[in-house]
Amino acid sequence: MKDKLTQHLAAALDRAMAEGALPQVEAPAITLERPRQAEHGELATNLALQLAKPCRMNPRAVAQIMVEQLGDAGGILQRAEIAGPGFINFHIQPSAWLAVLPLILAQGPDYGRATLGQGKKALVEFVSANPTGPLHVGHGRGAALGDVLARLLRFVGYEAHSEYYINDAGNQMATLGRSLLVRARQSRGSGEEFPENHYRGGYMQELAAQFLALPQHAGVLDMPLEQAVDLASAWAGAQILGGIKDDLNAFGVGIDTWFSERSLVEQGAVQAAFDELTQRGLLYQAEGALWFKATAFGDEKDRVVKRGNGELTYFASDIAYHLDKFRRGYARLVDIWGADHHGYVPRLKAAMAGLDLAPDDLSVVLVQMVNLLRGGVPVAMSTRAGEFVTLKEVVDEVGADSARFIFLTRRSEAQLDFDLEVAKQKSMDNPVFYVQYAHTRVKSVLKKAAEAGVDLPDPQSADLTPLALAEEIALARLLGDYPEMVLGAAVNLEPHRVTYYLHELAGAFHSYYNAHHILFEDPPLTAARLVLAMAVGAVLKGGLALLGVSAPEAM
RNA sequence: GCGCCCGUAGCUCAGUGGAUAGAGCGCCGGACUACGAAUCCGUAGGCCGCAAGUUCGAAUCUUGCCGGGCGCACCA
């Protein structure tokens, strides 16, 4: 609708200038907006206000000329009015809004698809937690966000993949191995204290017991320490990573590629990146370490890539990692990080600039923490003591649908309160049920229609003119907004727009449903209303699918 | 001290430079002898942190203050 009217406006402007009604000026971008006030029509433009200055004319006079040139815009306009300082308010023919209903039902799950990405490859990297312990609730939020962003990007025309970067090369893996060995020795009565800054979570004791029970580990406690640590860290890392995969799977999050940091280092990718930076004169030795000249690209200080003890920093492999992503053909990168890493963004962007990559091709989405509550009371969590509620526990308790939806009800950079009791409730307090219930109601009506012997109408040929209520036109308009909303969510990397939209659509349908009957009206009206209900159901289902949330037939 | 994010209804938060700023929760009062009351309807509640600036027009953009969070490693 917007597109059609925009085209008519552009044509009208051209004619006005060609005929001399308006002076020849550069045409501003035409924008259409939805006025808040119903009496201001369904769409409005500020075009005349923008033209007034270059034309040196009164904006209302410009608006008058535009309205005359526009006519009825190919039949979609009921009327156009000039209002306030020079807005043009458009009242659209109701039937023009209804035209979206058969379109939705013809396209089904593809309604709203776009070609924005033009098939370009996009990579969404998320969670990427060290395999040193199970995922917790905060990881779940990042996982939901990343998974849905990948789905959104795919929906608007990118060839999007999801990736998990396994930080298996740093010294935290050795710490993991040592932690496991301490627990193993303790279980044999060593009586030693558990060291500071090691992984003391309860899961480590269970792992240690499993570790010792395996025949190939029989002599591990008598091995040279270094060898034992290697063995223990490799084994524990693999076990924990397996658990992470299981947990993400149960959460409905599919990861296309699991990318190992260690493999990157072993393949010499870090050295290759260093070579490129060296050629550009962007690496230098100082104070015993190797530095990247990040200040040359806007970072506030230069950054160490190789420490004085010869070890690489995390930053070093991250440079190589992101270079590798582009080398694999990805044109658009999305990284999802905890908000506490925000200071790291300029550094990585600087590195990309140093490698002649466009920093704007990388978007970093920062995700804030989750405050876990139970019945309004904060659930105590301490990562240091290894006491935290895992993602698995939350998913087991409230279900993946509920957890995913609630994780996406806030902008990522805002903190999120997650109440376990609310997430379990089957009432309007719980937004996911509110939306799913609306879908169920549509299905229920269709089922009832079948039972009552009412034939489902063919959306393509049904007469929709009986849909004359303001609520019905409003619902059709809302359904027509879906493609634009999806596009906005994808472009801005903001999946919460989808949850908000679905909540609004569900609410509009619930209201309509309570005020009017779909069935048992006269046959033409029932048929038209069934088409409307089917379209609402289709969009609810499609939107929920984008979120990876089920759209149940019955609840 | 420097940097990033955030200040919108009692609470949690939406809000693409547009007209009289919205939703959910909470409070109070209502609605099923026809399609699911897991729902709906109504009332109340606001110097959009403060102040300048840009603009025909600012919750939105710029600057400065105030308040909160998070960073500022040869950790990840």
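Below is a short write-up of the structure. What you see as residue numbers is a count from 1 along each chain, following the sequence as written. To label them, take the chains in the order written and letter them from A, then take the ligands in the order written and number them from 1. The predicted origin of the model limits local features to residues at a pLDDT of at least 70 and limits the giving and counting of side-chain atom pairs to 80 or more, whereas totals for whole chains, interfaces and linings rest on all residues. Heavy atoms from the whole structure form the basis of all side-chain values; hydrogens and water molecules are not counted.

## Some thoughts on the layout of surface pockets
A volume near 1100 Å³ is recorded for the second largest pocket. Listed by contribution, the elements that provide at least two residues to the lining of the second largest pocket are α1 (2-18), α4 (94-98), α5 (100-107), α18 (470-491) and α19 (496-515). By the criteria applied, helices consist of DSSP H or I runs no shorter than four residues and strands consist of E runs no shorter than two, each listed in order from the N terminus. Ranked by the residues each element gives to the lining of the second largest pocket, the list is headed by α18, at ten residues. Side-chain classes follow a simple rule in which Ala, Val, Leu, Ile, Met, Phe, Trp, Tyr, Cys and Pro form the nonpolar group, Asp, Glu, Lys and Arg form the charged group, and the remainder, Gly included, forms the polar group. A class-by-class count of the residues in the lining of the second largest pocket yields 19 nonpolar, six polar and eleven charged. Both site types are read off a 1 Å grid over the protein atoms alone. A 1.4 Å probe that fits but cannot get out defines a cavity, while an open set with protein on both sides within 12 Å along at least five of seven lines defines a pocket; lining residues have an atom within 4 Å of a point. Grid points are joined across faces, edges and corners, and a volume is the space filled by probe spheres set on the points.

## Remarks on empty space enclosed by the protein
Across all of its chains, the model carries one cavity of 30 Å³ or more by this definition. Quantified by volume, the largest cavity comes out at close to 30 Å³. Looking at the lining of the largest cavity, the element that brings in the most residues is helix α20 (residues 523-546), giving three residues. Residue classes in the lining of the largest cavity are distributed as five nonpolar, two polar and no charged.

## Side note on the environment of Tyr158
Take Tyr158: it is sitting in the loop between α6 (137-155) and β6 (159-166). Spatially, the C-alpha atoms of Tyr158 and Met428 are 35 Å apart, while their sequence positions differ by 270 residues.

## Overview of the packing of α18 against α20
In this analysis an axis means a line fitted to C-alpha atoms, helices contributing only their contacting stretch, and an angle means the value between N-to-C directions, from 0 to 180 degrees. Running from amino to carboxyl end, α18 crosses α20 at an angle of 25°, the nearest separation of the two axes being 11 Å. As the angle between them shows, α18 and α20 are arranged roughly parallel. Relative to α20, the crossing made by α18 is left-handed. The residues of α20 that touch α18, namely those facing Glu472, Leu475, Ala476, Leu479, Tyr482 and Val486, are Arg529, Leu532, Ala535, Val536, Val539, Gly542, Gly543 and Leu546. When its residues are assigned to classes, the contact of α18 with α20 shows ten nonpolar, two polar and two charged. Oblique is the label for any angle not under 35 degrees, not over 145, and not in the 65 to 115 range, which are roughly parallel, roughly antiparallel and roughly perpendicular in turn. Handedness of each helix crossing follows the sense of rotation of the near helix against the far helix: counterclockwise by less than a right angle gives left-handed, clockwise gives right-handed. Any two residues having at least one pair of non-hydrogen atoms within 4.5 Å are treated as being in contact.

## Regarding the pattern of salt bridges
Each reported salt bridge corresponds to a side-chain nitrogen of Lys or Arg within 4 Å of a carboxyl oxygen of Asp or Glu. The tally for this structure, following the rule as stated, stands at 23 salt bridges. With its nearest N and O atoms 2.7 Å apart, the salt bridge here joins Asp110 to Arg113. For Arg113, a relative accessible area of 48% puts it in the partly exposed group. A salt bridge links Glu397 to Lys424; its shortest N-O distance comes to 3.0 Å. You can see Glu397 sitting in helix α14 (residues 391-398) and its partner Lys424 sitting in helix α16 (residues 420-424), a full 27 residues away along the chain. Relative accessibility decides the category of a residue: with a 1.4 Å probe and only protein chains considered, values under 20% of the type maximum give buried, values over 50% give exposed, and everything between is partly exposed. A residue is classified by how much of its surface remains accessible, and Glu397, at 28% relative accessible area, is partly exposed. Judged by relative accessible area, which is 36%, Lys424 ranks as partly exposed.

## Brief notes about the pairing of β6
Burial analysis of β6 places six of its eight residues in the buried class, the great majority of the element. The parallel pair strand β5 (residues 121-125) and β6, bridged by α6, forms a crossover whose chirality is right-handed. Inspection of the sheet shows β6 paired to strand β7 (residues 257-260) by four bridges, in the parallel sense. Of the residues in β7, the one forming a bridge with Glu163 is Thr257. Seen with the strands pointing away from the viewer, any crossover whose path from the first strand over the helix to the second strand runs clockwise is right-handed. Paired strands, as defined in this entry, are two strands with at least two bridges between them according to DSSP.

## A look at the environment of Leu264
Secondary-structure assignment places Leu264 in helix α10 (residues 261-266). The class for Leu264 is buried, based on a relative accessible area of 1%. With 54 residues separating them along the chain, Leu264 and Asp318 place their C-alpha atoms 9.7 Å apart. Setting aside anything within four residues of it in sequence, one finds Leu264 in contact with Tyr165, Phe259, Ala269, Val270, Ser317, Ala320, Tyr321 and Asp324.

## Re the pairing of strand β8 (residues 283-286)
Bridge count between β8 and strand β9 (residues 289-292): four bridges; the pairing is antiparallel. Counted as the bridge partner of Tyr284 is Trp291 from β9. The hairpin formed by β8 and β9 contains two residues between the paired strands, and Glu287 there has a positive phi angle of roughly 50°.

## Focus on the sheet that holds strand β10 (residues 303-306)
Ordered in space as β8-β9-β10, the three strands form an open sheet in which the pairing is antiparallel. Lying at the two open borders of the sheet, with one neighbouring strand each, are β8 and β10. Each strand axis lies, on average, 45° off the axis of its neighbour in the sheet, ignoring direction.

## What to know about the nonpolar core
To define a nonpolar core, start from buried Ala, Val, Leu, Ile, Met, Phe, Trp, Tyr and Cys residues and group those joined through side-chain atoms within 4.5 Å. Ranked by size, the top nonpolar core spans 145 residues in total, and within it Phe90, Leu101, Tyr164, Leu248, Phe418 and Leu479 carry the most contacts. If you tally residues by element for this core, the top one is α20, at twelve residues. Ranked by size, the runner-up nonpolar core spans 34 residues in total, among them Leu123, Phe292, Ala320 and Tyr330.

## Quick notes on the side chain of Ser317
Following the sequence through the fold, Ser317 ends up in helix α12 (residues 314-327). Owing to a relative accessible area of 1%, Ser317 belongs among the buried residues under this scheme. In this view, Ser317 contacts Tyr165, Glu261, Leu264 and Val270; residues no more than four positions away in its chain are not counted.

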